[in-house]
Structure formats: C-alpha cells, structure tokens
Amino acid sequence: MKQVVRKLGAVLACASIFALAAPTAAVASDPKIKIRIQSVIPTTADEITMLKDFASDVAALTDNTITMEVLPAGAVVAVADTLDAVDKGLIEGGFAWTHYWSGKHPAATLFGSPAAGSGVGLDNLAWLSWYQYGGGQALYDQLWKEMKMNVKGIMLQPVGPEALGWFKEPINSMADFRKLRFRTPPGIPGQIYKDIGVASVAMGGGDILPALQKGVIDAAEWCCPKPDMTFGFQKALKHYYLQGLHQNVVNADLYINGDVWKKMSERQRKAIEVAGNAALMKAHSYRILENGKALHELTTKYGVKLHDTPADYFKEYGAAAMKAFEKNAAENAFFKKVWESQRSFAAMAIPYWAGSQKSNAGITGAYADVLAKQKK
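Treat the numbers as computed from the prediction; the structure is a model and nothing was measured.

About the thresholds
- Residues numbered from 1 in each chain as written.
- Predicted model: local features only at pLDDT ≥ 70, side-chain atom pairs only at ≥ 80, totals over all residues.
- Heavy atoms only, no water.
- Helix = DSSP H or I, 4+ residues; strand = E, 2+ residues; numbered from the N terminus.
- Buried < 20%, exposed > 50% of the residue type's maximum accessible area, 1.4 Å probe, protein only.
- Areas by Shrake-Rupley, 256 points an atom, 1.4 Å probe, with all protein chains shown as cover.
- Pairing = 2+ DSSP bridges.
- Axes fitted to C-alpha atoms, helices over the stretch in contact; angles between N-to-C directions.
- Contact = heavy atoms within 4.5 Å.
- Phe/Tyr/Trp six-rings, centres within 6.5 Å; stacked < 30°, edge-to-face > 60°.
- Lys NZ or Arg CZ within 6 Å of the ring centre and 35° of its normal.
- Patch = residues over 30% accessible without salt bridge, like charges linked within 9 Å, V, L, I, M, F, W, Y side chains within 5 Å.
- Salt bridge = Lys/Arg side-chain N within 4 Å of Asp/Glu carboxyl O.
- Right-handed = clockwise from strand over helix to strand, strands pointing away.
- Parallel < 35°, antiparallel > 145°, perpendicular 65-115°, else oblique.
- Left-handed = near helix turned anticlockwise from the far one by under 90°.
- Nonpolar A, V, L, I, M, F, W, Y, C, P; charged D, E, K, R; others polar.
- Polar contact = N/O pair within 3.5 Å; in protein donor to acceptor, adjacent residues only side chain to side chain.

Engineer: So what exactly am I meant to see when it comes to the overall build of the protein here?
Structural biologist: A count of helices and strands for the protein gives 14 helices and 11 strands. Across its three principal axes, the protein shows a C-alpha extent of roughly 95 × 50 × 40 Å. Burial statistics for the protein: of 376 residues in total, 48% are counted as buried. Of the roughly 17,700 Å² of accessible surface on the protein, a fraction of 58% belongs to carbon and sulfur atoms.

So this is what it looks like as structure tokens:
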C-alpha cells in the first residue's frame, strides 16, 4: 500500500511540474514581434495616449513578446500613404480613423464615421453594440478584403458625438452657416456639408489653427473639447457648439500588416483582440473625464462661450445624410450590405435604446442645469 501511495505521489508531483511548465512552454513558442505604428496625428494627441495604453496591455498579456512603438505622423511615409505602407510591409502598423480610407472604399465611412448615425439612429454606444454583437465585426474584417489590403484591423477607440465646431461669431441658422468656409472631415461627412451648401474644406488636424489664423477658413471642427484644446483652436475662435451630426459616431483603429499578423501565435492574436475589446470601453471612460476637464478649462480660463446648435441644422444635415447613404448603397454592393446590416440592427435595438436614453439624458441634463445655476 505504501508503494502505491509513493507512486501516486510521484505521478501527482510530475503532473504539477508539467502544469507549471506548460505556460512557460507556450510563451517560449511565441515569436518576438515588434510593431512600429505610424499614426496620422501627432504623438501628443489624446488618441496616442490611449493607443500607448493599449500597447502596454498587449505587452503585458503576451509577456513582452509583442511590443509596439508609436511613430509620429509622417515618420516613414506621408499621412495619406499610411494604410498602403502597412499593406506593403513598409511599416508593421498604422493608426487612423477608418473613414480616412473611404476614398478606397465608401463603406469605410460606415465603420469610422457614419454621419448622422448612418441615418438610422446609431449613437456611439449603439454602434458598438452592432459591431460586437450585430455582425459588424465580421463585415469590418471583410472591408479590408474589399479594399484588397493585406491588413488586420483592430477597432480601438470609439468616440462621439463630436462637436459641431468652432466659430468666430454665433450662428443662428443655416443661412449664417452657409456664409463660412468650414473645415470638415474627409469623405462622406464632408460631402454632406457641401450637399447642404456649406463650403467644406478637408485638412489635417495640425493644419487647422494656421488656416484659421491666416483666414484660409472661417470655422472648423476636429473632435471634442480635449483634442480641440490641444490643437489650440481657442486661440483663434471663442464660440463653440457641442451638438453635431457629422460625427456623432467616430472610430479610430489600428492596422497590422497581414503577414505580421499571421506570424503571431494564436495566443498572441487572442491577447491583441482581448486588449482591443478592453480599449473600446476604456476609450469611452477616458473621454468623458478628459473632455469634461477640458470644457471647464475652455469656458473658465479661455473665455469660450457655449451655444446650442441651430435647429434647422439637424433637419438639413440628417436629410442630406440619408440621401448620401441611399446613393452609395445603390452604387456599391458591399456598402449596401453593411448599411442594411446596420438598419436591421437599428430596427431591433434602437426603440429600446432610445427609450432608455431618455432617462440618462434626464438625469445628466438636470444636474448640468443645477451646476450652471450654481456658477451664476
């Protein structure tokens, strides 16, 4: 009997040693990969802070077998060539917003900047629900194949709604708006402004303030209080409108060269996907606090005045957005497939989400009013 016990003990000891050694063996089999990520924006931007946080999570989850280095805009190739450079392997990774590539395929805008919520009521959180559970992620993976890009996309940073933008003087109607040269995003959101008679001018974030100061443009949008303040728009303009439709949903993402992605072990790829899913929620949390602090600073330190967006803007922009989506759906089969997926999701989810959001708007709006009265 003692011999049986001793043998059983030896077997259990060996099993324990094997169990402890198994993770080490898995780590040892993981290739060491360094991913240089060229961004389309300066490394001082909030989006880069969040990107580096994601990279830190990936390194921790992969025992530092995957490391990422974020390069500033234009470090290796021109900003407009970022995605092509990842496709060709000139850089291992790129970082931008999906809609930046809508010139390659119009459906990119439905993932990066679906103006007016794709015309079907998707806000930033509802869009994320569609992406994670409504079939959006599979379509996102298909997007790169439609573009014939050898990349693996990782959705990282949803944000929205973005502000309508900055103005020299208050605007009381669309008639006032149409008198101005206005910086807008590229692609469909900017085209919709042109469709409603606004002189839309697309340019990079770093070019906006100089263009305002030189009078090349009269007004501008970029994102939200914190990124806008970082670019210094408050130095040139003092009238700020928070409510806009052109990017009430906007998503930044990471592109990894397809060959680099294939070299990774299954464990490494899973770590990136898990870190990416975490980043989606962390981005929302980060933005609420940082934009709140920035808005306070803009209004108390820099004398920025907040205004409500003219009511006729929402009617005109929303109607033009629907026409733009209908036109693109008629011309492109994959665009239609993605848009129909979003419409199907919205038909099921939006009635619930719209109703529950009234409670959120009620409590936040009521407390915002209390704070405003206290300041007076």
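Engineer: How should the sheet that holds strand β4 (residues 151–159) be read in this particular structure?
Structural biologist: In a beta sheet, neighbouring strands pair by backbone hydrogen bonds and run either parallel or antiparallel. Strands sit in the order β2-β1-β3-β10-β4 across an open sheet of 5 strands; the sheet is mixed. Each edge of the open sheet carries a strand with a single partner, namely β2 (66–71) and β4. Going across the sheet, the axis of each strand differs from the next one's by a mean of 25°, ignoring polarity. This element, helix α6 (residues 136–147), spans β4 and β10 (250–257) of the sheet and lies at about 130° to β4.

Engineer: What am I meant to see in the packing of aromatic side chains here?
Structural biologist: Given two aromatic rings, one states the distance between the centres and the angle between the planes to describe the pair. What the rule picks out here adds up to 29 aromatic pairs. Relative to Y241, the ring of F167 has its centre 5.3 Å away and its plane inclined at 80°; by these criteria the two rings are edge-to-face. Pair noted here: F167 is in strand β5 (residues 165–167) and Y241 is in strand β9 (residues 239–241), with a separation of 74 residues, a long-range link. Considered together, F167 and Y241 belong to a single accessibility category, that of buried residues. The ring centre of W339 lies 4.4 Å from the NZ or CZ of R343, which sits over that ring.

Engineer: Would you explain a nonpolar patch on the surface in this entry?
Structural biologist: On the surface, Y367, V370 and L371 cluster together to form a nonpolar patch covering roughly 270 Å² of accessible area. For V370, the position within the fold is in helix α14 (residues 333–375).

Engineer: I would appreciate a short explanation of the pattern of salt bridges in the present structure.
Structural biologist: A side chain with one charge may pair with a side chain of the opposite charge, provided their charged atoms come close. With the rule as written, the count across this model stands at 17 salt bridges. Between K152 and D141 there is a salt bridge whose closest N-O contact spans 3.4 Å. A residue pair is termed long-range when its members are at least 10 positions apart, and K152 in strand β4 and D141 in helix α6 qualify at 11 residues. In this structure, R183 engages E221 in a salt bridge whose closest nitrogen and oxygen atoms are separated by 2.4 Å. Taken as a pair, R183 in strand β6 (residues 181–184) and E221 in the loop between β8 (219–220) and α10 (225–231) lie far apart in primary sequence, 38 residues in all. Exposure class is identical for R183 and E221. Each is buried. Look at the salt bridges and you will find they share partners, linking D46, K226, E290 and K293 into a network.

Engineer: Mind showing me how you'd approach the pairing of strand β7 (residues 199–202) here?
Structural biologist: Consecutive side chains along a regular strand alternate between the two faces of the sheet. Bridge analysis of β6 against β7 gives 4 bridges, and the strand direction is parallel. Across the sheet, F182 pairs through a bridge with S200, a residue of β7. This β-α-β element, β6 to helix α8 (residues 188–195) to β7, shows right-handed connectivity.

Engineer: Even after reading the chapter, I still don't get the packing of helix α13 (residues 311–331) against α14, so can you show me in this structure?
Structural biologist: When two helices pack together, their arrangement is captured by the angle between the axes and the distance separating the axes. With their axes 5 Å apart at the nearest point, α13 and α14 run at an angle of 130° to one another. Considering their axes alone, α13 and α14 lie oblique with respect to each other. As for the relative orientation of α13 and α14, their crossing is left-handed in sense. Contacts between α13 and α14 involve M322, F325, E326, N328, A329 and E331 on the former and, on the latter, A333, F335, K336 and W339. For the contact of α13 with α14, a count of residues per class yields 6 nonpolar, 1 polar and 3 charged.

Engineer: Even after reading the chapter, I still don't get the environment of N257, so can you show me in this structure?
Structural biologist: Positionally, N257 belongs in strand β10. Taking the relative accessible area as the measure of exposure, N257 reaches 5% and is therefore buried. Each C-alpha atom, one on N257 and one on W130, is 26 Å from the other, the two residues being 127 residues apart in sequence. The residues contacting N257, other than those within four sequence positions of it, are V86, D87, K88, G89, I91, E92, N150 and V151. From its side chain, N257 meets the backbone oxygen of D87 in a polar contact 3.4 Å long.

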